[in-house]
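Notes for the structure review
For reference, the chains in residue letters:
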Amino acid sequence: MLRLNCFFQANEGRYTEALEAAMALTAASRNDAGCVAYDTFESATRPDVFMICETWTDEASLQHHMQAPHFQQYVPMIEACGALKLEKFEF
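Scope of this entry: the structure provided in the associated data block. (Residues numbered from 1 in each chain as written. Predicted model: local features only at pLDDT ≥ 70, side-chain atom pairs only at ≥ 80, totals over all residues. Heavy atoms only, no water.)

**Quick word on the environment of D39**
Mapped onto the fold, D39 is located in strand β2 (residues 35-42). Remark: the alpha-carbon pair of D39 and T26, spanning 13 residues in sequence, is separated by 5.9 Å. With residues near it in sequence (within four places) discarded, D39 still touches T26, R30, M51, I52 and C53. (Helix = DSSP H or I, 4+ residues; strand = E, 2+ residues; numbered from the N terminus. Contact = heavy atoms within 4.5 Å.)

**Examining the nonpolar core**
As a rule of thumb, soluble globular proteins bury nonpolar side chains together. Counting 22 residues, the largest nonpolar core has F8, L25, F50, I52, W56 and I78 as the members making the most contacts within it. Contributions of two or more residues to this core are made by β1 (2-10), α1 (15-29), β2, β3 (49-56) and α3 (69-79). Residue contributions to this core peak at 6 residues, all from α1. The residues touching I78, leaving out its near neighbours within four places in the chain, are F8, A18, A21, A22, L25, F50, I52 and L84. (Core = buried A, V, L, I, M, F, W, Y, C linked by side-chain atoms within 4.5 Å. Buried < 20%, exposed > 50% of the residue type's maximum accessible area, 1.4 Å probe, protein only.)

**As for the sheet that holds β2**
Overall, antiparallel pairing links the 4 strands, which are arranged β2-β3-β1-β4 in an open sheet. Bordering the open sheet on either side are β2 and β4 (82-90), each of which pairs with just one other strand. The mean angle between the axes of side-by-side strands here comes to 15°, regardless of whether they run parallel or antiparallel. As defined by bridge partners, β1 adjoins β3 across 8 bridges and the pair is classed as antiparallel. The partner of F7 across the bridge, within β3, is M51. Contacts between α3 and the sheet are confined to β1, β3 and β4, with β4 contributing the most and set at about 125° to the helix. (Pairing = 2+ DSSP bridges. Axes fitted to C-alpha atoms, helices over the stretch in contact; angles between N-to-C directions.)

**Some points on the side chain of S29**
Within the fold, S29 resides in helix α1. A polar side-chain atom of S29 sits 2.7 Å from the main-chain carbonyl oxygen of L25. Contact partners of S29, with chain neighbours within four places excluded, come to C35, Y38, W56, H65 and H70. (Polar contact = N/O pair within 3.5 Å; in protein donor to acceptor, adjacent residues only side chain to side chain.)

**Some remarks on the pairing of β1**
Consecutive side chains along a regular strand alternate between the two faces of the sheet. Here β1 pairs with β4 via 9 bridges, running antiparallel. The residue bridging Q9 from the neighbouring strand is A83, located in β4.

So this is what it looks like as structure tokens:
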């Protein structure tokens, strides 16, 4: 299995826009084949930060997800609002 933690820090005034795109991405991604878990969490200590936490059965499922129309639509929207940092773990 694979776990991805995608940390996002918003540019000034762009947090809500990015969070809405992340929530739409989360809702659509939960239906992707191989998705074990997919959720978005807001920081309790930093008002400009959230994290998308994903768990996939395997690399092939993750790659398929990354080619999905909802990924191609929402990820650029999120990236336009701030900075993403990705952590990837295999277990």
